[in-house]
Amino acid sequence: MNHKTIISRSKTRRQFLKSGFLATGGAVLGFPAVVSSKSPNGKLNTVVIACGGRGAANLKEIGALTNVVALCDVNSQALDAAAQQYPNARKYRDFRELYAKETDYDAAVISTAEHTHAFAVLPALRAKKHVYCEKPLTRDVHEARVVMAAAKEAGVTTQMGTQLHASANYRRVVELVQGGAIGPVREVHVWVSRAWGMQSKAEAEANGDLFVKAGLLDYIDKMPTEAKPVPPQLDWDLWIGPAPMRPYHDIYFPGPRWYRYWDFANGTMSDLGSHWNDLPFWALKLDHPKTISADGPAPHPELAPASMSATYEYGARGDLPPVKLTWYQGALRPQLLKDKKIPEWSNGVLFVGDGGMLLADYGKYLLLPEDKFKGFTAPAPSIPASVGHHKEFVECATAGKPALCDFSYSGLLTVANHLGGVAYRSGKKITWDPVKGVTDDASANKFLQREYRAGWKL
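The structure displayed is predicted, hence computed values, not measured ones.

Draft legend 1. Structural context of the packing of helix α1 (residues 54–63) against helix α14 (residues 389–399). Running from amino to carboxyl end, α1 crosses α14 at an angle of 50°, the nearest separation of the two axes being 9 Å. Viewed along their axes, α1 and α14 adopt a mutual orientation that is oblique. Crossing geometry of α1 relative to α14 is assigned as right-handed. Two secondary-structure elements touch here, α1 through Asn58, Glu61 and Ile62 and α14 through His390, Phe393 and Val394. Each residue belonging to the contact of α1 with α14 can be placed in one class, and the counts come to 3 nonpolar, 2 polar and 1 charged.

This is the structure in structure tokens:
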């Protein structure tokens, strides 16, 4: 391998928000002036919903940049730990109560399990508050469309937690693809090695499944038959939220154990797809797939698969040609990789253009074939360096501007990822109608949304 051809970029923290920085991003909405901050130090007032796990990481970033006025978590341990850091913030267990009582805030930061994302996001949007929400934006296609519509109506700053969108490496790859370094791109392959989900115990042990590490081997490929005592710190009813009620078991909690169950999430497809599919989505200006098909083991009614693939066909976008994107997870890999025609990276995005290929992961990229690109000089950066994903959100909200990964963009990415799961669960190739918000197959449409438990509505 020519070490001069492989290029690694680390995150930088230069000035951001230069004019025109959205030229390579998604759709931009008309945004009114930001709601003025009412905190005495001039910072945005924020409410933070979910304070453990990813919530704790988001709180650390946002808390350094804003005035945290309220905290919420169904887990009292996580809530109390956060309150020690922010003793002046009011505490809540139920975000519905928070929204009923809190009005003097500028932005909401949401990091709950994804089956409650939309329910925590929508009240803030309807109150015309800025919103940062962890990925994936919602549990299902219908919720993503509702959130996108509410964000457009609110005209506020939004950002999904796709932190890699702020990386220098992603920005350089976008510039190369959009600058024509490998010519028109008609084919993309995206693969991830993570293999959490329905599989045999032997496969789970070989793949390093999360449940193996947690000692929960009896529930790799089936559901438990017994309940376990609810931890005293957890409000199980609130955690279940809009999902169908079920007995507590530690296969669901704490996160991210729950993400492999259809009632709460959509497995690796929508989780890691938020990061890995973000790169081709951005670079190729993708929007609505025309057709989606999937392959993998027979679908389980409750468990998402450890291994599967999904293929999307996108039409032309302006002067960009139609493109086929294939996603692989777990044990599945692109044929080019299996044939050793490209470097054997464990995770990657491969753009196949008329004039060459570009292979990328989170921190580096490689132009192929290497002989052809020997001596290639990358163009000067045109997308400004990021000040950091969270800081972008705060600065955009303060300035009354759209963030680079706002819901008009990340919502479309979320819908596409979810449609891969819909095609897999239906076992059919489906055609997507973005206007009506349905597929051409009634059996697939039942996976686009669900009925909610009594007391919960969008």
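Draft legend 2. Focus on helix α4 (residues 117–126). Most of α4 is tucked away: 8 of the 10 residues are buried. Restricting attention to buried positions, one finds in α4 the residues His117, Ala118, Phe119, Ala120, Val121, Leu122, Ala124 and Leu125. Lys128, located one to two residues past α4, shows a positive phi value of around 60°.

Draft legend 3. Representation of the packing of aromatic side chains within the structure. If you walk through the whole model with that rule in mind, you get 19 aromatic pairs. Summarising the aromatic geometry, the rings of Trp239 and Phe264 are spaced 4.9 Å apart at their centres and angled 70° between planes, so their arrangement reads as edge-to-face. Here Trp239, found in helix α9 (residues 236–240), pairs with Phe264, found in the loop between α9 and α10 (267–271); they are 25 residues apart in sequence, far enough to count as distant. Under the relative-accessibility criterion, Trp239 is labelled buried at 8%. Summarising the aromatic geometry, the rings of Tyr252 and Phe264 are spaced 5.6 Å apart at their centres and angled 75° between planes, so their arrangement reads as edge-to-face. Here Tyr252, found in the loop between α9 and α10, pairs with Phe264, found in the loop between α9 and α10; they are 12 residues apart in sequence, far enough to count as distant. Each residue in the set Trp236, Trp239, Tyr248, Tyr252, Tyr261 and Phe264 is aromatic and connected to the rest through ring pairs, giving one cluster. Across from the ring centre of Trp456, 3.9 Å away, lies the NZ or CZ of Arg96, which sits over that ring.

Draft legend 4. Structural view of the side chain of Ser386. As for its placement among the helices and strands, Ser386 is situated in the loop between β14 (364–368) and α14. Looking at Ser386, its side chain comes within polar contact range of the main-chain nitrogen of Gly388, at 2.8 Å. A distance of 2.4 Å separates the side chain of Ser386 from the side chain of Glu392, its partner in a polar contact.

Draft legend 5. Here's a closer look at the confidence of the model for the protein. Residues with a pLDDT of 70 or more make up 91% of the protein, whose mean pLDDT is 91. The low-confidence segment residues 1–37, where pLDDT is below 50, has 95 contacts with residues more than four positions distant or belonging to other chains.

Draft legend 6. Just the nonpolar core, in detail. Counting residues in each nonpolar core, the largest one holds 113 residues, and the members touching the most others are Trp239, Phe351, Leu358 and Phe407. Membership of the second largest hydrophobic core comes to 18 residues, among which are Cys51, Ile62, Ala83 and Ala89.

Draft legend 7. Expanded view of the pairing of strand β12 (residues 348–353). In terms of burial, β12 is largely enclosed, as 6 of its 6 residues are buried. Burial along β12 is two-sided: the residues Gly348, Leu350 and Val352 and Val349, Phe351 and Gly353 are all buried. Bridge count between strand β8 (residues 185–192) and β12: 6 bridges; the pairing is antiparallel. Counterpart to Val190 in the pairing with β12 is Val349. Alignment of β12 against strand β13 (residues 356–360), held across 5 bridges, turns out to be antiparallel. If you follow Gly353 over to β13, its bridge partner there is Gly356. What sits between the antiparallel neighbours β12 and β13 is a turn of 2 residues.

Draft legend 8. Quick look at helix α2 (residues 76–85). Listing the buried residues of α2 in full gives Ser76, Ala78, Leu79, Ala82 and Ala83. Mapping the buried residues of α2 onto a view down its axis gives an arc of 160°, with all of them on the same face. Along α2, the residues that are exposed and aim more than 90 degrees away from the buried face are Gln77, Gln84 and Gln85. Looking at the buried positions of α2, the neighbouring elements they touch are α1, β3 (67–72) and β4 (90–92). Put simply, Asn75 is the residue that caps the front of α2, since its side-chain oxygen is 3.0 Å from the backbone nitrogen of Gln77.

Draft legend 9. Structural context of unusual backbone geometry. In this chain, Lys135 is followed by Pro136 through a cis amide linkage whose omega measures -20°. Structurally, Pro136 is set in the loop between β6 (130–134) and α5 (141–154). In this chain, Leu368 is followed by Pro369 through a cis amide linkage whose omega measures -5°. Inspection of the secondary structure puts Pro369 in the loop between β14 and α14. At Lys128, a position not held by glycine, the phi torsion is positive, near 60°. Mapped onto the secondary structure, Lys128 falls in the loop between α4 and β6. The backbone of Lys340 sits at a positive phi, close to 60°, despite the residue not being glycine. Structurally, the position occupied by Lys340 is in the loop between α13 (335–338) and β12.

Draft legend 10. Focus on the environment of Gln163. Tracing the backbone through its elements, the reader meets Gln163 in the loop between β7 (158–161) and α6 (168–178). The class of Gln163 is buried, set by a relative accessible area of 15%.

Draft legend 11. Layout of the environment of Tyr219. Counting through the fold element by element, Tyr219 comes out in the loop between α8 (210–214) and α9. Separated by 20 residues in sequence, Tyr219 and Gln199 place their C-alpha atoms 9.8 Å apart. Apart from the residues lying within four places of it in its own chain, the contact partners of Tyr219 are Phe211, Pro224, Glu226, His249, Ile251 and Tyr261. A polar atom in the side chain of Tyr219 sits 2.8 Å from the side chain of Glu226.

Calculation rules
Residues numbered from 1 in each chain as written. Predicted model: local features only at pLDDT ≥ 70, side-chain atom pairs only at ≥ 80, totals over all residues. Heavy atoms only, no water. Axes fitted to C-alpha atoms, helices over the stretch in contact; angles between N-to-C directions. Helix = DSSP H or I, 4+ residues; strand = E, 2+ residues; numbered from the N terminus. Parallel < 35°, antiparallel > 145°, perpendicular 65-115°, else oblique. Left-handed = near helix turned anticlockwise from the far one by under 90°. Contact = heavy atoms within 4.5 Å. Nonpolar A, V, L, I, M, F, W, Y, C, P; charged D, E, K, R; others polar. Buried < 20%, exposed > 50% of the residue type's maximum accessible area, 1.4 Å probe, protein only. Phe/Tyr/Trp six-rings, centres within 6.5 Å; stacked < 30°, edge-to-face > 60°. Lys NZ or Arg CZ within 6 Å of the ring centre and 35° of its normal. Polar contact = N/O pair within 3.5 Å; in protein donor to acceptor, adjacent residues only side chain to side chain. pLDDT = per-residue confidence, 0-100. Core = buried A, V, L, I, M, F, W, Y, C linked by side-chain atoms within 4.5 Å. Pairing = 2+ DSSP bridges. Arc of directions from axis to C-beta.

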